Amino acid sequence: MPTDDLRSSLRKRRANLSANQQEEAAESCAQLACTLPALQRARCIAAYIAHRGEMPCEPIIDWALGRGVNVLLPVVVGRHMRFAPYDPGEALAPNRWGILEPEWRPARWVSARRPNVVLQPLVAFDSGGNRLGQGGGYYDRAFAFRNIASRSRRPLLVGLGYDFQQVGQLDAKPTDVPVDAVVTERQIHEFRR
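Caption draft 1: Here's a closer look at the overall build of the chain. Scanning the chain from N- to C-terminus turns up six helices and eleven strands. In summary, the chain has a C-alpha radius of gyration of 15 Å against a globular reference of 16 Å for 193 residues, a match within 12%. Along the longest, intermediate and shortest principal axes, the C-alpha atoms of the chain span 45 × 40 × 35 Å. Per-residue burial for the chain yields a buried fraction of 51% across its 193 residues. Sequence-distant contacts, at least 24 apart, represent 68% of the contacts inside the chain between residues at least 6 apart. Of the roughly 9,800 Å² of accessible surface on the chain, a fraction of 49% belongs to carbon and sulfur atoms. For the chain, the separation between the mean place of its 26 positive charges and that of its 20 negative charges on side chains is 8 Å.

Caption draft 2: Quick peek at the sheet that holds strand S11 (residues 188-190). Strand order in this open sheet of seven strands is S3-S2-S1-S6-S9-S10-S11, and the pairing throughout is mixed. Because the sheet does not close on itself, it has two edges, and the strands there are strand S3 (80-85) and S11. Averaged over all neighbouring strand pairs, the angle between strand axes comes to 25°, with direction disregarded. Bridge count for strand S9 (residues 156-160) against strand S10 (residues 181-183) is three bridges, and the pairing is parallel.

Caption draft 3: Representation of a negative patch on the surface within the structure. Together, Glu23, Glu24, Glu27 and Asp62 make up a negatively charged patch on the protein surface. With three residues, helix H2 (residues 19-33) is the single largest residue contributor to the negative patch. Glutamate 24 gets classed as partly exposed once you look at its relative accessible area, which sits at 49%.

Caption draft 4: How the structure looks around the nonpolar core. Ranked by size, the top nonpolar core spans 60 residues in total, and within it Ile45, Leu119, Phe143 and Leu160 carry the most contacts. Counting residues per element, this core draws most heavily on H2, which supplies five residues. Setting aside its immediate chain neighbours within four residues, isoleucine 45 contacts Leu39, Ala64, Val69, Asn70, Val71, Leu72, Pro115, Val117 and Leu119.

Caption draft 5: Representation of the pairing of strand S6 (residues 117-121) within the structure. Of all the five residues making up S6, five are buried; the element is thus mostly covered by neighbouring parts of the structure. Every second residue of S6 is oriented toward a common face, with Val117, Leu119 and Pro121 on one face and Val118 and Gln120 on the other, all of them buried. Of the strand pairs in this sheet, strand S1 (residues 44-46) and S6 are connected by two bridges, and their pairing is parallel. Looking at S6, one finds that isoleucine 45 is bridged to valine 117. For S6 and S9, the ladder comprises five bridges, and the chain directions are parallel. Paired with valine 118 across the strands is leucine 157, a residue of S9.

Caption draft 6: Summary view of the packing of aromatic side chains. Inspection of the entire model under this criterion finds four aromatic pairs. For the pair tryptophan 97 and tyrosine 138, a centre-to-centre distance of 5.7 Å together with 70° between the ring planes defines the contact as edge-to-face. Taken together, the residues tryptophan 97 in the loop between strand S4 (93-94) and strand S5 (100-101) and tyrosine 138 in helix H5 (residues 138-142) connect sequence positions 41 residues apart. Judged by its relative accessible area of 40%, tryptophan 97 is partly exposed. Looking at tyrosine 138, the relative accessible area reads 16%, which means it is buried. Each ring, one from phenylalanine 143 and one from phenylalanine 145, has its centre 6.0 Å from the other, and the planes form 55°; the classification is tilted. Among the residues examined, phenylalanine 145 registers a relative accessible area of 12% and is labelled buried. Site record: aromatic cluster; members linked through ring pairs are Phe83, Phe143 and Phe145. Above the ring of phenylalanine 145, the side-chain terminus of arginine 113 is found at 4.0 Å from the ring centroid. Across the ring face of tyrosine 138, the terminal group of arginine 141 is positioned such that the distance to the ring centre comes to 4.9 Å.

About the criteria used
Residues numbered from 1 in each chain as written. Predicted model: local features only at pLDDT ≥ 70, side-chain atom pairs only at ≥ 80, totals over all residues. Heavy atoms only, no water. Helix = DSSP H or I, 4+ residues; strand = E, 2+ residues; numbered from the N terminus. Rg over C-alpha atoms; globule rule 2.2 N^0.38 Å. Buried < 20%, exposed > 50% of the residue type's maximum accessible area, 1.4 Å probe, protein only. Contact = heavy atoms within 4.5 Å. Areas by Shrake-Rupley, 256 points an atom, 1.4 Å probe, with all protein chains shown as cover. Lys, Arg positive; Asp, Glu negative; His and termini not counted. Charge placed at Lys NZ, Arg CZ, Asp CG, Glu CD. Pairing = 2+ DSSP bridges. Axes fitted to C-alpha atoms, helices over the stretch in contact; angles between N-to-C directions. Patch = residues over 30% accessible without salt bridge, like charges linked within 9 Å, V, L, I, M, F, W, Y side chains within 5 Å. Salt bridge = Lys/Arg side-chain N within 4 Å of Asp/Glu carboxyl O. Core = buried A, V, L, I, M, F, W, Y, C linked by side-chain atoms within 4.5 Å. Phe/Tyr/Trp six-rings, centres within 6.5 Å; stacked < 30°, edge-to-face > 60°. Lys NZ or Arg CZ within 6 Å of the ring centre and 35° of its normal.

Next up, the structure:
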């Protein structure tokens, strides 16, 4: 199936989940994700605010904040994604796609190398750790250094998704940055490199 058709099909399937189904999946996904040793040791994580049926990340954010972990959220600036600290209760504003993000000021930006773990939304993933995102390439550009510095294991990249988002083989481009793991509502998929 062509990438655009696959993306469209899985977005529709995701959008058809009820709020209750999304909430239950998010809780199950969070329970599994929080068993990851890297997440348990993390002092700083990058997360996201779910949009248009993405696996909700909020239960993991709450868990992390409760442990005193610094949480960063993405901020889109032009063709680039930056990260800014998230403080509970902070007002978030929708960006041009309606995705909630912290106020962006260059003084608040944090390097993409700083978090120990980065939680990423996805549209699809395969058994090799290839991730299909929304199509803008923001995460791939932000973490391109992981492809260049192959020995760089930080940050750990973890996709969050639903079981049905696992597909056969994705056509990975040289600029795509694979994830180290994907956590769904049912299991943890770890990819060795």
